[in-house]
Amino acid sequence: MCQFPKTLPSPFVRMIIKKCDTITDLQLDGGNLTDEGVEMISELMYLRRLRIQYCDNLTDEAILDFHHLRYLEELSLTRAHSFTARGIVAAFSRPRHFIRIVEITECSGL
């Protein structure tokens, strides 16, 4: 089991990728998470469930990286004010997705 601090700067995200590369379920406080951090998370090839709260610093660039998570079944994002409908459609209209549940809340850009 991996133990994580409350906020995740990019160097810590890199450590998660190296030490916990077979993780299937990840829940994060995204207060310090950047698009670069999401790009790193998208390397977790076995990830099936991802929940990120407080996505204030993330943009459409981050949501586009979720297409790399081929086995992702459930995605929950809160406070993603910078996400747009165009970014979400672009991210989830790509083939090879098993995603069943997408929950995006508190997104003023939609």
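Attention in this report is confined to the structure presented alongside it.

Here is what the cut-offs are and how they apply
Residues numbered from 1 in each chain as written. Predicted model: local features only at pLDDT ≥ 70, side-chain atom pairs only at ≥ 80, totals over all residues. Heavy atoms only, no water. Salt bridge = Lys/Arg side-chain N within 4 Å of Asp/Glu carboxyl O. Helix = DSSP H or I, 4+ residues; strand = E, 2+ residues; numbered from the N terminus. Buried < 20%, exposed > 50% of the residue type's maximum accessible area, 1.4 Å probe, protein only. Pairing = 2+ DSSP bridges. Right-handed = clockwise from strand over helix to strand, strands pointing away. Contact = heavy atoms within 4.5 Å. Core = buried A, V, L, I, M, F, W, Y, C linked by side-chain atoms within 4.5 Å.

**A closer look at the pattern of salt bridges**
- Applying the stated criterion across every chain, the model contains five salt bridges.
- When the shortest N-O distance is used, the salt bridge between Asp56 and Arg79 registers 3.0 Å. With Asp56 in the loop between strand 2 (49-53) and helix 3 (60-65) and Arg79 in the loop between strand 3 (74-78) and helix 4 (85-92), the pair connects residues that are 23 residues apart, well separated along the chain.
- Under the relative-accessibility criterion, Asp56 is labelled partly exposed at 30%.
- Glu73 is paired through a salt bridge with Arg100; the nearest N and O atoms lie 3.9 Å apart. Linking Glu73 in the loop between helix 3 and strand 3 with Arg100 in the loop between helix 4 and strand 4 (101-105), this pair joins segments that are 27 residues apart in sequence.

**Comments concerning the pairing of strand 1 (residues 25-29)**
- Pairing geometry for strand 1 and strand 2, over five bridges, is parallel. Looking across to strand 2, one finds that Gln27 is bridged to Arg51.
- Where the polypeptide runs from strand 1 across helix 2 (residues 35-41) and back to strand 2, its parallel neighbour, the crossover connection is right-handed.

**A closer look at the environment of Cys55**
- Considering the arrangement of structural elements, one finds Cys55 in the loop between strand 2 and helix 3.
- Separated by 22 residues in sequence, Cys55 and Leu77 place their C-alpha atoms 6.8 Å apart.
- Aside from chain neighbours lying at most four places away, what touches Cys55 is Leu77, Thr78, Arg79 and Ala80.

**Comments concerning the nonpolar core**
- Within the largest apolar cluster, 28 residues are counted, with the highest numbers of intra-cluster contacts made by Leu26, Ile41, Leu47, Leu50, Ile52, Phe66 and Leu77.
- Counting only elements with at least two residues in this core, the list comes to helix 1 (10-19), strand 1, helix 2, strand 2, helix 3, strand 3 and helix 4.
- Not counting the four nearest positions on each side in its chain, Leu47 is found in contact with Ile23, Thr24, Asp25, Leu26, Ile41, Leu69, Tyr71 and Leu72.

**Some remarks on the side chain of Thr78**
- Within the fold, Thr78 resides in strand 3.
- What makes Thr78 buried here is its relative accessible area of 13%.
- The residues contacting Thr78, other than those within four sequence positions of it, are Ile52, Gln53, Tyr54, Cys55 and Thr105.

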